[in-house]
Amino acid sequence: MKNDVFIELKDIYKIYKMGDTEIHASDGINLQISRGEMVAIVGKSGSGKSTIMNIIGALDVPTKGEYILEGKDVSKMKADALAEVRNKMIGFVFQQYNLLPKQNLLDNVSLPLLYAGVGEKERKKRAMEGLKKVGLEEKWSQLPNQLSGGQQQRVSIARALVGNPSLILADEPTGALDSKTSREVLDLLKQLNEEGNTIVLITHDNSIALEAKRVVKILDGKVLFDGTAKEYRNEIMANNEISMA
Amino acid sequence: MKLWQTMKLAWLNIIGNRMRSFLTMLGMIIGVASVIILVSLMESMTNEMLNSYADMGVNNITVEIHGRNGNPVLKEEDIYDYVEKHKDTMLGATPNITFTGSVKFGGKTKDGITVTGVDESYIKIMKRQLQAGRGITYSDTAIRNKTCVIGSYINNTIFNGKAKPGDLVYVNGEEFKVVGVLKEESDSSEWSKDNCFYSPYTTVAKLAGMGTISNYLFFAKDSKLVEEETKNLQRYLFHTFHSTKAYSVTNMIDILKEIKNQQKLMTSVLAGIAGISLVVAGIGIMNIMLVSVTERTKEIGIRKSLGAKRKDIMRQFVLEAGTTSSIGGVIGIVLGAVVTTKLGSVMGMQATTSIQTALVSFGISAGIGILFGYLPASKAAKLNPIDALRSE
């Protein structure tokens, strides 16, 4: 199933108008992602990686171009249809975890199922399984602020997994964590990928990007590099050598 | 998302912000309580009034002859004839004339007593019961006896409750003999049926200096017949006088209807004024909900990123506003009902809040919450998920 392409970005443009000038946050991006891949999208701030993440995550639609997700053209969808896509097909992991502070872990994890219309009993059962998977089932009744950052991020991963999405989209998942917990979270994501989940990792950090199997580098709204992690490592080293020379 | 889930969520948010929720409700509580108090007191007053009017007899039809010079007059024999001819529907009729005077017994004098002149049938028709003595008789009216039958209010206030047949009282200086004492029929208060002083109508007419009798009271057999009989009397009187200006025919039912209409109008005006406070309360709710939407932009972003549709967010905030104002409404209803009862007892009447008033108030408070919650909710629902997620 390796070459089963299910995410396809065709010539994606996202253009913002600022007075008279047009800003091309995405400037003709083409990208294909197959099921089971773990792809890092790397770029500096302002490179346009957030824009492409928003489009892949169905939070936004492109100005021009097509985004096909599992055979569905997402690029022309209206707000509620996009919400449905986010609910059923995408699991988000955010830098700031984005857990609801007044709800316990179980309720937080079951939130996507609530909007999917899953019954209460089934919801609790699946949310509990999700918490178990990230090793936090004992703490199900606690509030997010009673947990460490790494634990909160694991809860948000459990939440991303609970609806069995086609894609897990992790936006700087280690951005707020120390190196030890970052390692744990990255290992968890890698493990989930081994289990067959497709993961797209958005990061500004080359060392994090190298944890993925494939790296896509974005600069000025364009794809600058697309290859394996190994190739990307060589690319960086080459550039460093050139700059050092 | 199911409605029940959304309601649970709304409830959690309300109790999660207890102080703020209570302050938001306060406007609604005060507004609803004041509407409840005003409407309930008004209704209770109306009911008291209607009851006391109804006490006077809903089967009665009053005929007043304005009789101008040269016009034919209506004599007692005429009305008895009329009743005889309509005996299927009419119970009877009596001259009914009054004057106000001072009544003196022993060392006690009481002013402003209404002396009512009636015939021998009156006490029986009105189903008044005697505690002692007898009623007015035919011979009393025939020879203008200065006799009287008194009610318990007169008995209590002038005779210290010890009136008995044979007592002599002075009405405007004229000596009257008490021949009968009536049993208490309502509560012996000044505004009840127990405030009565009956004498033969001929005697009263002479004392008041009336040449002819101009006021008659007719009794229908049933209150349902009153309207029809009022028309019959009007027809009969027109036939006699050939002018509608020479007489007037009124009945209690018309008066009661008129009072009801007046009170309804009055109640709606008052409720309308108090209702303005409900609108103010609604604006307060809208205000807080707008603040709440701004504060919870991040939460809205999170919910949207996880798949909440516009209608889910919309419902959450509308229900939160509706629940807040409904709870305020319920508290207001309870508070209003309690204050109504207390005020009623201070004012010396039995004041209660009707279920109807309570239900309507509840409906209005819930409706206002939903109405004024709509704008903030739609603001929340329209938020762009990316911007919402970015906010702190």
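Residues numbered from 1 in each chain as written. Chains lettered and ligands numbered in written order. Predicted model: local features only at pLDDT ≥ 70, side-chain atom pairs only at ≥ 80, totals over all residues.

## Description of the overall build of chain B
Scanning chain B from terminus to terminus reveals 13 helices and 11 strands. Dimensions of chain B along its principal axes, counting C-alpha atoms only, are 105 × 50 × 35 Å. Relative to all contacts within chain B whose residues are 6 or more apart in sequence, the contacts with residues 24 or more apart total 82%. (Helix = DSSP H or I, 4+ residues; strand = E, 2+ residues; numbered from the N terminus. Contact = placed C-beta atoms within 7 Å.)

## Overview of the overall build of chain A
Secondary structure assignment for chain A yields eight helices and 10 strands. On C-alpha atoms alone, chain A measures out to a radius of gyration of 18 Å, which is about the 18 Å that the 2.2 N^0.38 rule sets for 245 residues. Summarising its shape, the C-alpha atoms of chain A cover approximately 55 × 45 × 40 Å along the three principal directions. Across the 245 residues that make up chain A, the buried fraction comes to 47%. Counting contacts in chain A only where the partners sit at least 6 residues apart, residues at least 24 apart contribute 67% of the total. (Rg over C-alpha atoms; globule rule 2.2 N^0.38 Å. Buried ≥ 20, exposed ≤ 12 C-beta atoms within 10 Å, placed from the backbone.)

## Re the sheet that holds strand 7 (residues 167–171) of chain A
Residues and elements named next belong to chain A. The six strands lie next to each other as 6-7-8-3-9-10, forming an open sheet whose pairing is mixed. Single-partner strands in this sheet number two, and they are strand 6 (90–93) and strand 10 (222–228). The mean inter-strand angle of the sheet, taken between neighbouring strand axes irrespective of direction, is 20°. In this sheet, strand 10 lies alongside strand 9 (residues 214–219) in antiparallel orientation, the contact comprising six bridges. Bridged to Val 215 within strand 10 is Gly 227. Helix 5 (residues 149–161) contacts strand 6 and strand 7 of the sheet and is inclined by roughly 170° relative to strand 6. Contacts from helix 6 (residues 179–194) reach strand 3 (38–42), strand 7 and strand 8 (198–203), with the element oriented near 150° to strand 8. (Pairing = 2+ DSSP bridges. Axes fitted to C-alpha atoms, helices over the stretch in contact; angles between N-to-C directions.)

## Quick notes on unusual backbone geometry
When glycine is set aside, most residues are seen to have a negative phi, and most peptide bonds are trans. Backbone geometry at Tyr 97 of chain A places phi at a positive 65°, although glycine is not the residue there. Looking at the element boundaries, Tyr 97 of chain A is found in the loop between strand 6 and helix 3 (105–115).

## Quick word on the interface of chain B and chain A
Contacts between the two partners involve 16 residues from chain B and, on the opposite side, 19 residues from chain A. Looking at the side of chain B that touches chain A, the elements that each hand over two or more residues are helix 1 (3–16), helix 10 (297–305), helix 11 (310–346) and helix 13 (385–390) of chain B. A total of four residues in the side of chain B that touches chain A trace back to one element, the largest contributor, which is helix 10 of chain B. A per-class count over the side of chain B that touches chain A returns seven nonpolar, four polar and five charged. (Nonpolar A, V, L, I, M, F, W, Y, C, P; charged D, E, K, R; others polar.)

## Quick look at the environment of Ala 160 of chain A
All names here are of chain A. Within the secondary structure layout, Ala 160 lies in helix 5. Using a count of 27 C-beta atoms within 10 Å as the deciding quantity, one classes Ala 160 as buried. Ala 160 sits 14 residues away from Gln 146 along the chain, and the two C-alpha atoms are 20 Å apart. Setting aside residues no more than four positions away along its own chain, Ala 160 makes contact with Gly 91, Phe 92, Val 93, Pro 165 and Ile 168.

## Points about the sheet that holds strand 1 (residues 60–65) of chain B
Residues and elements named next belong to chain B. Strand order in the open sheet formed by four strands is 2-10-1-11, with antiparallel pairing between adjacent strands. In this open sheet, the two edge strands, each paired with only one partner strand, are strand 2 (90–95) and strand 11 (247–251). Recorded for the sheet is a direction-independent mean angle of 20° between the axes of neighbouring strands. As judged from the five bridges shared by strand 2 and strand 10 (residues 215–220), these two strands associate in the antiparallel manner. Within strand 10, the residue paired with Pro 95 across the bridge is Tyr 216. Helix 3 (residues 76–85) rests against strand 2 and strand 10 of the sheet, and its axis sits at about 175° to strand 2. Each of strand 1, strand 2, strand 10 and strand 11 is contacted by helix 8 (residues 226–241), which is oriented at about 175° to strand 11, the strand it contacts most.

## Let's talk about the packing of helix 9 (residues 252–295) of chain B against helix 11 of chain B
Residues and elements named next belong to chain B. Look at helix 9 against helix 11: their axes get within 11 Å of each other, and the N-to-C directions meet at 140°. By the angle between their directions, the pair helix 9 and helix 11 is classed as oblique. Viewed along their axes, helix 9 and helix 11 form a crossing whose handedness is right-handed. Only Phe 317, Ala 321, Thr 324 and Ser 325 of helix 11 make contact with helix 9, whose side of the interface consists of Ile 285, Met 289 and Val 293. (Parallel < 35°, antiparallel > 145°, perpendicular 65-115°, else oblique. Left-handed = near helix turned anticlockwise from the far one by under 90°.)

## A short note on helix 1 (residues 49–56) of chain A
Counted residue by residue, helix 1 of chain A has eight buried out of eight residues, so it is predominantly covered. Taken together, the buried positions of helix 1 of chain A are occupied by Lys 49, Ser 50, Thr 51, Ile 52, Met 53, Asn 54, Ile 55 and Ile 56 of chain A.

## Some points on helix 3 of chain A
Summarising burial for helix 3 of chain A: 11 of the 11 residues are buried, a large majority. Turning to helix 3 of chain A, its buried residues are Leu 105, Leu 106, Asp 107, Asn 108, Val 109, Ser 110, Leu 111, Pro 112, Leu 113, Leu 114 and Tyr 115 of chain A. The elements touched by buried residues of helix 3 of chain A are helix 2 (79–89), helix 4 (120–133) and helix 5 of chain A together with helix 1 and helix 11 of chain B. Count one or two residues on from helix 3 of chain A and you reach Gly 117 of chain A, which has phi positive near 80°.

## Topic: the nonpolar core
When a protein is soluble and globular, its nonpolar side chains tend to lie buried together. Judged by nonpolar contacts, the single largest core of 114 residues is most densely connected at Val 39, Ala 40, Ile 41, Leu 169, Val 200 and Leu 201 of chain A together with Phe 317 of chain B. With 13 residues, helix 2 (residues 18–55) of chain B is the largest single contributor of residues to this core. Discounting chain neighbours no more than four positions away, the residues touching Val 200 of chain A are Ile 33, Val 39, Ile 41, Ile 56, Leu 167 and Leu 169 of chain A. Counting residues in each nonpolar core, the second largest holds 33 residues, with Val 115, Val 171, Tyr 201 and Ile 213 of chain B among its members. (Core = buried A, V, L, I, M, F, W, Y, C linked by C-beta atoms within 7 Å.)

## Structural notes on the environment of Lys 222 of chain A
All names here are of chain A. Within the secondary structure, Lys 222 is located in strand 10. Sequence spacing of Lys 222 and Ile 52 is 170 residues, and the spatial spacing of their C-alpha atoms is 10.0 Å. Once you skip the residues sitting within four places of it in the chain, Lys 222 turns out to touch Asp 27, Gly 28 and Ile 29.

## Structural notes on the environment of Leu 278 of chain B
Position of Leu 278 of chain B among the secondary structure elements: in helix 9. Among the residues examined, Leu 278 of chain B registers 26 C-beta atoms within 10 Å and is labelled buried.

## Let's talk about the confidence of the model for chain B
All names here are of chain B. When the pLDDT values of chain B are averaged, the result is 89; 98% of them are 70 or greater. Within chain B, helix 1 has the poorest average pLDDT of any element, 85, and helix 10 the best, 95. Confidence estimates for the predicted assembly give a pTM of 0.74 and an ipTM of 0.92. (pLDDT = per-residue confidence, 0-100.)

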